[in-house]
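So the chains spell out like this:
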Amino acid sequence: MANLSQIKREKMLAFLEALKEQHDDDESLMAINQIEKELTAKKYGLVWEEHEEEVDVKMQTHIPVFTEVKEKEIVGDSDSDKCNFLLEGDNLHSLKLLEKTHKGKIDVIYIDPPYNTGHKDFIYDDCFVDKQDGYTHSKWISFMEKRLKIANELLKSSGVIFISIDDNEQANLRLLCDEVFGEENFIADVIWNSRKSVSNDAVVSLNHNYTLVYTHNITAFTQKKHLFKLANSGEGFGNPDNDLRGAWKADPFDSPGIRPNLTYVITNPNTGEEYLPPKGRCWRTGEKEYLDYLADNRIVFGKTGKGKPQLKRFLSDAQNKGATPKSLWDDCGTATDGTKELQNIFGEKIFDTPKPTLFIKKIIDLAGDKNALILDFFAGSGTTGQAVVDLNKEDGGNRHFILCTNDDSSICSNVTYPRIKTVITGKREDGSTYSDGLPANLKYYKTDFVAKDSEEIYDDLLEHIEEMIQLQYGVKIDKQKYVIIMDDDEMDEFERNFEQYDKLQALFINQDVFLSSSQEKLLDNVNTYMIPDCYFDFELREAGELW
């Protein structure tokens, strides 16, 4: 079949080549080359107008950094130096910094981005984007693409991202994710039954949301031992014949495909009736294996013994293997449940349409193990943070989270942070008791900036190194397991007291510290990192501070 568009394009490109021969001035050639570039650009997939955000402009002249707000640190587990993190600021700045500390390290990402409904859910350059804007979709796609590209870099090879969305941008998001993550890495488009009541004032009552699921690398994902399996509830299992092996369920003995060695006659010993596999199918096993199953009382012939062959599947085996989740989720709460959870913490409705913790718990439990690191860079009310610490309490897990959110309408200050604080400490903002509390720690960072033209750029960046170290290792710098050396005197003191650091995990040394030969030997078996260039190498080279 002829590609008519390609034929037209080749004719236009040939014409441009002729124009190049007639116009050899730089201005004309640049214009012709630009036209060629547009003609040869992508011809299939999602196409949009690229837009620049204020956060992009800011990074042209400034380097984003984190500043810890120490008075907002929460210590709910004094026996652990491990921390969770809440990052306040534009999530693009936070993602740029996370790219330095967590590239290829995140197990699970969940995000609930703006749905671009044309109301108040999507702010672009501090302005609400409404449906009258001719570029409403392009702006949203451009906004999302920058963030999803970094998200893909942050995922482990077997990592998984879940993105909630509704009808406004679901189709565009699916195409965008196919580009960013790769169409081959698509796992599912989960339908969440988010609403039980019916909206009678609508043409069709909208009772669901979508959650697109992608992995970084489908091969690595399918090799995971923990592969999207739910605990089997035992529903449908029984033991009508009192089998000593316990409850069982009868599965069909036939399977898809036509294979001669799996196609043979099976005779019902109760009725003498003979069976062949249904049309287009074969039996599950060869005849010898079937006879072994029959002798082992693993074959049944319907409830009355007069039907076709079926294979017993025991509940014990099913529980070990887990149950495959469905693409329709109607068992993990509703938006109303999410609202009630927040009201229980704040005493009033304080946030529109929060996700219920049960929904996020299901995602975390499916996609990560008990030591998973979970990132949510559209953290909103903080449901993901609560889901992580709640789930750890329920199953003894050691998961940790990183939440990113801006402070528009004081959401981070007045909703996200107080919610996490209440869940960890067990005390509401008004001092009343919410729970017994949960063992977890939290550090609170705010996005800050260092000017690229600063004459003191090296020292300016060095002031924010402790935040980067703590974030990368998920710890608090405790001067025992994690130690920072800023000058020669501190290095000399460290050497004199080295025997005291029997729990040392990592040592971070200012690159200006001069190490003696004895100190270099001392550090032979110590994880040592030079700072600040281990985080800001590119920026310092750009400023001429490194060669």
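In the block above lies the structure referred to throughout.
We now turn to the structure provided with this report. (Residues numbered from 1 in each chain as written. Predicted model: local features only at pLDDT ≥ 70, side-chain atom pairs only at ≥ 80, totals over all residues. Heavy atoms only, no water.)

Residues of helix 3 (residues 54–61) that are buried: V55, D56 and M59. Looking straight down helix 3, one finds its buried side chains confined to an arc of 105 degrees; they lie on one side. Elements that come into contact with the buried residues of helix 3 comprise strand 1 (62–68), helix 4 (91–101) and helix 5 (136–154). (Buried < 20%, exposed > 50% of the residue type's maximum accessible area, 1.4 Å probe, protein only. Helix = DSSP H or I, 4+ residues; strand = E, 2+ residues; numbered from the N terminus. Arc of directions from axis to C-beta. Contact = heavy atoms within 4.5 Å.)

Let us look at the environment of N527. Relative to the helices and strands, N527 resides in the loop between helix 17 (517–522) and strand 23 (528–531). Beyond its immediate stretch of four places on either side in the chain, N527 contacts Q505, A506 and L507.

The residue N242 is not glycine, and still its phi comes out positive at about 55 degrees. Within the secondary structure layout, N242 lies in the loop between helix 7 (218–222) and strand 10 (248–252). Notably, S410 is not glycine yet its phi reads approximately 60 degrees, a positive angle. Within the secondary structure layout, S410 lies in the loop between strand 19 (400–405) and helix 13 (411–425).

Let us look at the sheet that holds strand 21 (residues 482–485). Strand pairing in a sheet relies on backbone hydrogen bonds. The paired strands run either parallel or antiparallel. What the three strands build is an open sheet, ordered 21-22-23; its pairing is parallel. Both edges of this open sheet fall to strand 21 and strand 23, since each of them pairs with a single strand only. Shown here is a sheet whose adjacent strand axes are inclined to one another by a mean of 20 degrees, direction ignored. Relative to strand 23, strand 22 (residues 506–510) runs parallel, the two sharing four bridges. Bridging across to strand 23, I509 finds its partner in M530. (Pairing = 2+ DSSP bridges. Axes fitted to C-alpha atoms, helices over the stretch in contact; angles between N-to-C directions.)

For the rest of this paragraph, the subject is the pairing of strand 21. Side-chain alternation along strand 21 places Y482 and I484 on one buried face and V483 and I485 on a second face that is also buried. In terms of handedness, the path from strand 21 via helix 16 (residues 488–496) over to strand 22 forms a crossover that is right-handed. (Right-handed = clockwise from strand over helix to strand, strands pointing away.)

Take the packing of aromatic side chains next. One pass over the full model with this rule turns up 20 aromatic pairs. Ring geometry for F143 and F378: centres 6.1 Å apart, planes at 50 degrees, overall tilted. With a gap of 235 residues between them, F143 in helix 5 and F378 in the loop between strand 18 (373–376) and helix 12 (383–395) connect regions that are remote in the sequence. For the pair F143 and F378, a shared accessibility class is recorded, and that class is buried. Relative to Y529, the ring of F508 has its centre 5.2 Å away and its plane inclined at 20 degrees; by these criteria the two rings are stacked. Taken together, the positions of F508 in strand 22 and Y529 in strand 23 put the pair 21 residues apart, joining distant regions of the chain. A relative accessible area of 1% means that F508 is categorised as buried. An aromatic cluster of at least three residues, connected via ring pairs, comprises Y110, W192, W329 and F359. (Phe/Tyr/Trp six-rings, centres within 6.5 Å; stacked < 30°, edge-to-face > 60°.)

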